[in-house]
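# Commentary on secondary and tertiary structure
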Amino acid sequence: MDTAQTLDRGLRLLTLVADTPGGLTVTEAANHLGVGRAVVYRLVTTLTEHAFIRRDSGGRLRLGLGLLHLARRAQPLLADAALPALRRLADQVRATAHLTVADGDEAVAVAVVEPSATMFHVAYRTGSRHPLAAGAAGRAILSEAEGWTVSSGELQPGAYGIAARVHRVEGLRASVGVVALAPLDPDTVGPLVVAAAHSITTALT
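In this text, all values refer to a predicted model and were calculated from it rather than measured experimentally.

What counts and what doesn't
- Residues numbered from 1 in each chain as written.
- Predicted model: local features only at pLDDT ≥ 70, side-chain atom pairs only at ≥ 80, totals over all residues.
- Heavy atoms only, no water.
- Helix = DSSP H or I, 4+ residues; strand = E, 2+ residues; numbered from the N terminus.
- Contact = heavy atoms within 4.5 Å.
- Areas by Shrake-Rupley, 256 points an atom, 1.4 Å probe, with all protein chains shown as cover.
- Lys, Arg positive; Asp, Glu negative; His and termini not counted.
- Charge placed at Lys NZ, Arg CZ, Asp CG, Glu CD.
- Buried < 20%, exposed > 50% of the residue type's maximum accessible area, 1.4 Å probe, protein only.
- Pairing = 2+ DSSP bridges.
- Axes fitted to C-alpha atoms, helices over the stretch in contact; angles between N-to-C directions.
- Parallel < 35°, antiparallel > 145°, perpendicular 65-115°, else oblique.
- Nonpolar A, V, L, I, M, F, W, Y, C, P; charged D, E, K, R; others polar.
- pLDDT = per-residue confidence, 0-100.

Broken down by element type, the protein carries six helices and eight strands. Along its sequence from the N terminus, the protein presents helices and strands in the succession α-α-α-β-β-α-β-β-β-α-β-β-β-α. Each of the three principal axes of the protein carries a C-alpha extent, and together these read 60 × 35 × 30 Å. Considering only contacts within the protein whose residues lie at least 6 apart along the sequence, 49% involve residues at least 24 apart. Accessible surface for the protein amounts to roughly 11,200 Å². Of this, 56% is attributable to carbon and sulfur atoms. Distance between charge centroids for the protein: 6 Å, based on 19 positive and 18 negative side chains.

Shown next, in the form of structure tokens:
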């Protein structure tokens, strides 16, 4: 039971640090978790040894680089779960479909599927980044609405996008979208993008 409690506290501390972009002190962490400072020190020592947490020059707790290794392992699993819905969406709309996730204040494409029956389409690379506030995919991630967002020429001149947020997946800030070289009809394409987002939610939960 003590081992399970320690693990629970360690995971709660890790989540707390992840949810506090500016970092936090040991005292602040102890107050948030409702435990003593000595408990937090022990947890920090273990998590630091595994590079999951680090202390910055001011002594504040921040996420460590060890989490990047886990994130890289998780991204292919996320992409695999999304691919069937993205393939269906790309062929329905005849446009490039993508799954985009938030990484700090940037949006990162983690899975991209090009349509199979078009001669010309937007080239969109996995790993492409852009500010969350720009483009349909990023704004969809920031939105709490169940609908879709639309963009025109924001990230690439002559490119049109429609995206919808992936809701109800714990810990995931993501959107599904399509990007095309010609204007897209939001009333037709929007519901298809939302349906793809719902399919990915089902695949991940």
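Next comes the rest of the description.
Counting buried residues in strand E4 (residues 106-113) gives seven out of eight residues, a clear majority hidden from the surface. Bridge analysis of strand E3 (residues 96-103) against E4 gives seven bridges, and the strand direction is antiparallel. Its bridge partner lying in E4, Asp103 is registered against Glu106. Adjacent in sequence and paired antiparallel, E3 and E4 are bridged by two residues, among which Gly104 carries a positive phi angle near 65 degrees. As judged from the three bridges shared by E4 and strand E5 (residues 129-131), these two strands associate in the antiparallel manner. For Ala107, the partnering residue across the bridge sits in E5 and is His130.

Turning next to the environment of Gly22. Turning to its location among the elements, Gly22 is positioned in the loop between helix H1 (2-18) and helix H2 (26-33). Distance from Gly22 to Arg37, taken between C-alpha atoms, is 20 Å for residues 15 residues apart in sequence. Once residues lying within four places of it in the same chain are set aside, the contact partners of Gly22 are Arg60 and Arg62.

Counting buried positions over the eight residues of helix H5 (residues 135-142) gives six, a clear majority of the element. Of all the positions in H5, only Gly135, Ala136, Ala137, Gly138, Ala140 and Ile141 are classed as buried. If you follow the buried residues of H5, they end up packed against E3, E4, E5, strand E6 (149-152), strand E7 (160-166) and strand E8 (174-180).

Below, the discussion takes up the packing of H2 against helix H3 (residues 37-49). Viewed as axis vectors pointing N to C, H2 and H3 meet at an angle of 110 degrees, and their least axial separation amounts to 9 Å. One element, H2, and the other, H3, form an angle in the roughly perpendicular class. Residue-level contacts link Val26, Thr27, Ala29 and Ala30 of H2 to Arg37, Val40 and Tyr41 of H3. Residue classes in the contact of H2 with H3 are distributed as five nonpolar, one polar and one charged.

Another aspect to go through is unusual backbone geometry. Its identity is not glycine, yet Arg94 carries a phi of approximately 60 degrees, on the positive side. Here Arg94 lies in the loop between helix H4 (66-93) and E3. With relative accessibility at 49%, the residue Arg94 sits in the partly exposed group. Notably, Arg168 is not glycine yet its phi reads approximately 60 degrees, a positive angle. Structurally, the position occupied by Arg168 is in the loop between E7 and E8. Note on Arg168: relative accessible area 58%, which makes it exposed.

Okay, the confidence of the model for the protein next. Of the residues in the protein, 94% reach a pLDDT of 70 or more, and the chain-wide mean stands at 88. The least confident element of the protein is H4, whose mean pLDDT is 83; the most confident is E7, at 96.

Glancing now at the side chain of His167. The residue His167 is located in the loop between E7 and E8 in this model. By relative accessible area, which is 10% here, His167 ends up buried.

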